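Structure at a glance
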Amino acid sequence: GEDVEQSLFLSVREGDSSVINCTYTDSSSTYLYWYKQEPGAGLQLLTYIFSNMDMKQDQRLTVLLNKKDKHLSLRIADTQTGDSAIYFCAESKGVLNTDKLIFGTGTRLQVFP
Amino acid sequence: NAGVTQTPKFQVLKTGQSMTLQCAQDMNHEYMSWYRQDPGMGLRLIHYSVGAGITDQGEVPNGYNVSRSTTEDFPLRLLSAAPSQTSVYFCASRMGGRGTGELFFGEGSRLTVL
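Residues numbered from 1 in each chain as written. Chains lettered and ligands numbered in written order. Predicted model: local features only at pLDDT ≥ 70, side-chain atom pairs only at ≥ 80, totals over all residues. Heavy atoms only, no water.

Here we look at the environment of B:Pro39
Residues and elements named next belong to chain B. Locating Pro39 in the fold gives a position in the loop between β4 (31–38) and β5 (42–51). Residue Pro39 is classed as exposed on the basis of its relative accessible area, which comes to 80%. Distance from Pro39 to Thr71, taken between C-alpha atoms, is 31 Å for residues 32 residues apart in sequence. (Helix = DSSP H or I, 4+ residues; strand = E, 2+ residues; numbered from the N terminus. Buried < 20%, exposed > 50% of the residue type's maximum accessible area, 1.4 Å probe, protein only.)

Overview of the state of the cysteines
Residues and elements named next belong to chain A. Counted under the stated rule, the structure contains two disulfides over all chains. Between Cys22 and Cys89 runs a disulfide, and the two sulfur atoms are separated by 1.9 Å. Taking the sign of the S-S torsion, about 70 degrees here, the bridge from Cys22 to Cys89 comes out right-handed. With Cys22 in strand β3 (residues 18–23) and Cys89 in strand β9 (residues 85–93), this pair connects stretches of sequence that are 67 residues apart. (Disulfide = S-S within 2.5 Å.)

Description of the environment of B:Asp38
Residue and element names in this part refer to chain B. Its location among the elements puts Asp38 in strand β4. Considered as a pair, Asp38 and Gln25 are 13 residues apart in the sequence and their alpha carbons are 24 Å apart. If we ignore the near neighbours within four places in the chain, the residues touching Asp38 are Arg44, Thr86 and Ser87. A distance of 2.9 Å separates the side chain of Asp38 from the side chain of Arg44, its partner in a polar contact. (Contact = heavy atoms within 4.5 Å. Polar contact = N/O pair within 3.5 Å; in protein donor to acceptor, adjacent residues only side chain to side chain.)

Details of the interface of chain B and chain A
Contact with chain B, which involves 24 residues of that partner, is made by 23 residues of chain A. Note on chain B versus chain A: buried area summed over both sides is about 1,900 Å², and carbon and sulfur give 56% of it. Our count for the chain B to chain A interface comes out at zero salt bridges. Contributions of two or more residues to the side of chain B that touches chain A are made by β4, β5 and β9 (87–94) of chain B. Sorting elements by how many residues they give to the side of chain B that touches chain A places β5(B) first, with six residues. (Buried area = accessible area lost by both parts, 1.4 Å probe. Salt bridge = Lys/Arg side-chain N within 4 Å of Asp/Glu carboxyl O.)

Topic: the environment of A:Val19
Residue and element names in this part refer to chain A. In this fold, Val19 is placed in strand β3. Since its relative accessible area comes to 42%, Val19 is described here as partly exposed. Residues Val19 and Tyr33 lie 14 residues apart in sequence; the distance between their C-alpha atoms is 15 Å.

A word on the side chain of A:Ser18
All names here are of chain A. With respect to the helices and strands, the residue Ser18 is situated in strand β3. Within polar-contact distance, the side chain of Ser18 engages the side chain of Thr79 at 2.7 Å. If we skip the residues at most four places from it in the chain, Ser18 touches Leu10, Val12, Leu74, Arg75, Ile76, Thr79 and Leu109.

What follows is the structure, given as structure tokens:
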């Protein structure tokens, strides 16, 4: 979607940290999401953050939210080859603030040994 | 539990033909939606429905038609296929009302229009 922007590619070495960035446009979004898409499959929710939070950590995943700059990032610690996929950020929009999810362009993460 | 099921997985059409992509979910989700995925453009919302009998347009609705006669099914109709509609189509559903808004996706339908 045009409202949510991401860089298209990221390449990292196995064991390093990966940081995927996203900028969004709607400051009223209640939730922001990270979805993962493996080859030939649909998207699966990886993690999400509520708009009143600055940070959320879930095992190897850390989400940072800067509402002032409308910037969202996903950090994957100790990146593994199984993390190779396309990662999409998404913002919620709509009457209930969850009626529509607007997705970014996706970042293709490639992990090399 | 099958989740979200899309058929067909692959389809080739000629320009001007019509067809329907089927989507069914067995999770009793009120909300269903269709996205298309194109290289470099991410996922774009085509149409969505917040419950049976209710549909609304997304970002790119032109050339597509939807209906929601039951909670389970949300078919997407291409009225007169064009090469610009070559894409991978995803159906997704979620619970209604307030909540985290997590979407559950089907595996996709790859459509080629010649």
